[in-house]
Amino acid sequence: MADKAQLQEAIKTQGEVVRKLKSEKASKEQIDDEVAKLLQLKAQLGGDEGKHVFVLKTAKGTRDYNPKQMAIREKVFNIIVSCFKRHGAETIDTPVFELKETLTGKYGEDSKLIYDLKDQGGELLSLRYDLTVPFARYLALNKITNIKRYHIAKVYRRDNPAMTRGRYREFYQCDFDIAGQYDAMIPDAECLKIVYEILNELDLGDFRIKVNDRRILDGMFAVCGVPDEKFRTICSTVDKLDKTAWEDVRKEMVNEKGLSEDVADRIGAYVSMQGGQDLAERLLQDPKLSQNKQACAGLTDMKLLFSYLELFQVTDKVVFDLSLARGLDYYTGVIYEAVLSQTIPAPVCTPTEQNGADEAGVSVGSVAGGGRYDGLVGMFDPKGRKVPCVGVSIGIERIFSIMEQKAEASSVKVRTTETQVLVASAQKNLLEERLKLTSELWNAGIKAEVLYKKNPKLLSQLQHCEETGIPLVAILGEQELKDGVVKLRNVASREEVDVPRADLVDEIKTRTL
């Protein structure tokens, strides 16, 4: 009985925790976690109180998309895909899961975020973490040495979700990559041009594209006195500079990664530098960096890259930033990341999506990133044959978060269908005629709808158009049928005109172009 009394006390205490979180409007995930603990305690009691209560929710770090959100998402996808196609890319697809060993050892400290699947008998599998490693595996497997491809698909990361910032455990990536042996920096410059075009067209506000080079970073670490075996781990720490103050990054280098304070301070002097082609030229004269072969090669290529970016007219948004590190292990040359220059308004969350958003605004972090990875394909090739690659990944979820918030703030209604015309009737007993006309319009390629009622009121039909944004109504009546015409009504202006039935398709096309 004592155990039962203790359980009841624990249930009471846990219930108070849940109520407090709800009153404080804590994040949905926090509340769900505490509710799950409460249900576990109740289950231990047995009897009616212990009945399992099913919590209806999406899995942590995932979300559903309603028709309005999908309409915005489709618009974003169309802009991105049309840009990829404009640059001559073709598309591929790969399985959502890969052999575990395909993904292991490619992501540095982020490898712990890979979702491993339970052994299904014979093969150890993991959900793909990004689209780049599967792409490299695809090239090696199919012995492809040059391709310009884009790939849009879902990837999975066992990350700590921050859903108001567009960070999820399941999310889309939009990748563009150029594989093949080409002259230095030409494909790299095109990738940056693509980022520039997409962010301009999406109209997300002012942005910056930060560029650096892994060879410059490695050279910098070497001349600052970082031991070779610590390059990658220090790189991961430097990568935090976009979210963390230098003091905290320095503390991690010294206290956790074991660097001396002098070495950390020398790194600090370099990573504070930003500029353009002028900075590359200046660093080539740097007494220490100029003695490092790797750094010199990276700086020479950086100068070349900026000369191409000038021809592409994108240098107004590109900055050479020595603090940019990008923590993934497979990068070998140029790396880049696009960030928005300002925070965005806090999102309007539905009760089920409330996630403790900062009311002042939301900083979304990077919205695109990528770089050169010349050694990745060789890791999969039995003979170690390398295929040089450079690519960019567009952060679709973060972009989508911004677009969604802009739509919430705007008075413009988002249409979720593309229906051009509703076929309506003003009188009873005209269902057959409505269906006949609807079929004629469908056969002619017109996007048309009809209400699923035998005798709907004309007002109900017009209201449906106003609610869903259908611009035109084709109205049938006894008189119109006798005269061989259809009354075409503009929903917004309420103007009506009789159109001969034979001309209806052309008239609808003209008015809805």
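The structure displayed is predicted, hence computed values, not measured ones. (Residues numbered from 1 in each chain as written. Predicted model: local features only at pLDDT ≥ 70, side-chain atom pairs only at ≥ 80, totals over all residues. Heavy atoms only, no water.)

A short note on the domain arrangement of the chain
- One can read the domain layout of the chain as domain 1 (1-45), domain 2 (67-343 + 363-409) and domain 3 (421-511).
- If you average the C-alpha positions of domain 1 and of domain 2, the two centres end up 42 Å apart. (Domains from an automatic or database assignment.)

Some remarks on the packing of aromatic side chains
- Applying the stated criterion across every chain yields a total of eight aromatic pairs.
- Ring geometry for Y196 versus F207: centroids 6.0 Å apart, planes at 75 degrees, classification edge-to-face. Here F207 lies in strand β6 (residues 207-213) and Y196 lies in helix α6 (residues 186-202), a separation of eleven residues in the sequence. The pair Y196 / F207 is uniform in exposure class, with both members buried.
- Among the aromatic residues, those joined into a ring-pair cluster are F84, Y150 and F176.
- A cation over a ring is seen here: R73 above F400, with NZ or CZ 4.7 Å from the ring centre.
- Between K317 and the ring centre of F207, over which it is positioned, the NZ or CZ distance is 5.1 Å. (Phe/Tyr/Trp six-rings, centres within 6.5 Å; stacked < 30°, edge-to-face > 60°. Helix = DSSP H or I, 4+ residues; strand = E, 2+ residues; numbered from the N terminus. Buried < 20%, exposed > 50% of the residue type's maximum accessible area, 1.4 Å probe, protein only. Lys NZ or Arg CZ within 6 Å of the ring centre and 35° of its normal.)

A look at the pairing of strand β15 (residues 485-490)
- Relative to β15, strand β14 (residues 472-476) runs antiparallel, the two sharing four bridges. Residue pairing for β15: L472 is matched across the bridge by N490.
- One ladder, built from five bridges, connects β15 with strand β16 (residues 496-500); its direction is antiparallel. Residue pairing in the sheet places L488 in a bridge with V497 of β16.
- Between β15 and β16, which pair antiparallel and follow one another directly, the connecting turn spans five residues, one of which, R494, has a positive phi of 65 degrees. (Pairing = 2+ DSSP bridges.)

Details of helix α10 (residues 261-271)
- If you check which residues of α10 are buried, you get V263, A264, I267, G268, Y270 and V271. In a view along the axis of α10, the buried residues occupy a sector of 165 degrees, so they form one face of it. (Arc of directions from axis to C-beta.)

Considering the environment of E9
- Here E9 shows up in helix α1 (residues 2-23).
- Here E9 falls in the partly exposed class, since its relative accessible area comes to 46%.
- Once the C-alpha coordinates of E9 and C235 are considered, the two residues, 226 residues apart in sequence, prove to be 49 Å apart.

Some words on the UniProt feature "binding site: L-histidine" (unreviewed entry) in the chain
- Those places that UniProt annotates as "binding site: L-histidine" (unreviewed entry) correspond, in this numbering, to D130, L131, T132, R157, Q173, D177, R326, Y330 and Y331.
- On the secondary structure map, D130 appears in the loop between β3 (125-127) and α5 (132-141).
- With relative accessibility at 2%, the residue D130 sits in the buried group.
- For D130, the side chain forms a polar contact with the main-chain nitrogen of T132, separated by 3.3 Å.
- Positionally, L131 belongs in the loop between β3 and α5.
- Overall, L131 belongs to the buried group, its relative accessible area being 1%.
- When neighbours within four sequence positions are excluded, L131 is seen to be in contact with R149, H151, A153, V155, Q173 and D175. (UniProt positions renumbered as here; feature names shortened; annotations may be inferred. Polar contact = N/O pair within 3.5 Å; in protein donor to acceptor, adjacent residues only side chain to side chain. Contact = heavy atoms within 4.5 Å.)

So, helix α12 (residues 293-311)
- Between its terminal C-alpha atoms α12 stretches 28 Å, which fits the 27 Å expected from 19 residues at 1.5 Å a residue.
- Taken together, the buried positions of α12 are A295, G298, L299, D301, M302, L305, F306 and L309. Looking straight down α12, one finds its buried side chains confined to an arc of 165 degrees; they lie on one side. For α12, the exposed residues lying more than 90 degrees away from the buried face are K293 and L311.
- Near the N-terminus of α12, the side chain that reaches the backbone nitrogen of Q294, with its oxygen 3.1 Å away, is that of N292.
- Just downstream of α12, Q313 is the residue with a positive phi angle, here 60 degrees. (Expected span 1.5 Å × (residues − 1).)

So, the side chain of R63
- Secondary-structure assignment places R63 in the loop between α2 (28-45) and α3 (67-86).
- Judged by its relative accessible area of 14%, R63 falls in the buried class.
- Here Y168 takes part through its side chain, which lies 3.0 Å from a polar atom of the side chain of R63.
- In terms of polar contacts, R63 uses its side chain to reach the side chain of E404, at 3.4 Å.

Re the sheet that holds β15
- What the five strands build is an open sheet, ordered β13-β12-β14-β15-β16; its pairing is mixed. What marks the edges here is a single partner per strand, and that holds for β13 (448-449) and β16.
- The sheet contact formed by strand β12 (residues 421-425) and β14 spans five bridges and is parallel. When the sheet's bridge partners are listed, V421 is paired in β14 with L472.
- Of the strands in this sheet, β12, β13, β14 and β15 are in contact with helix α16 (residues 458-468), which crosses β12 at around 175 degrees.
- Running over the sheet, helix α18 (residues 504-511) touches β12, β14, β15 and β16 and is turned about 10 degrees from β15. (Axes fitted to C-alpha atoms, helices over the stretch in contact; angles between N-to-C directions.)

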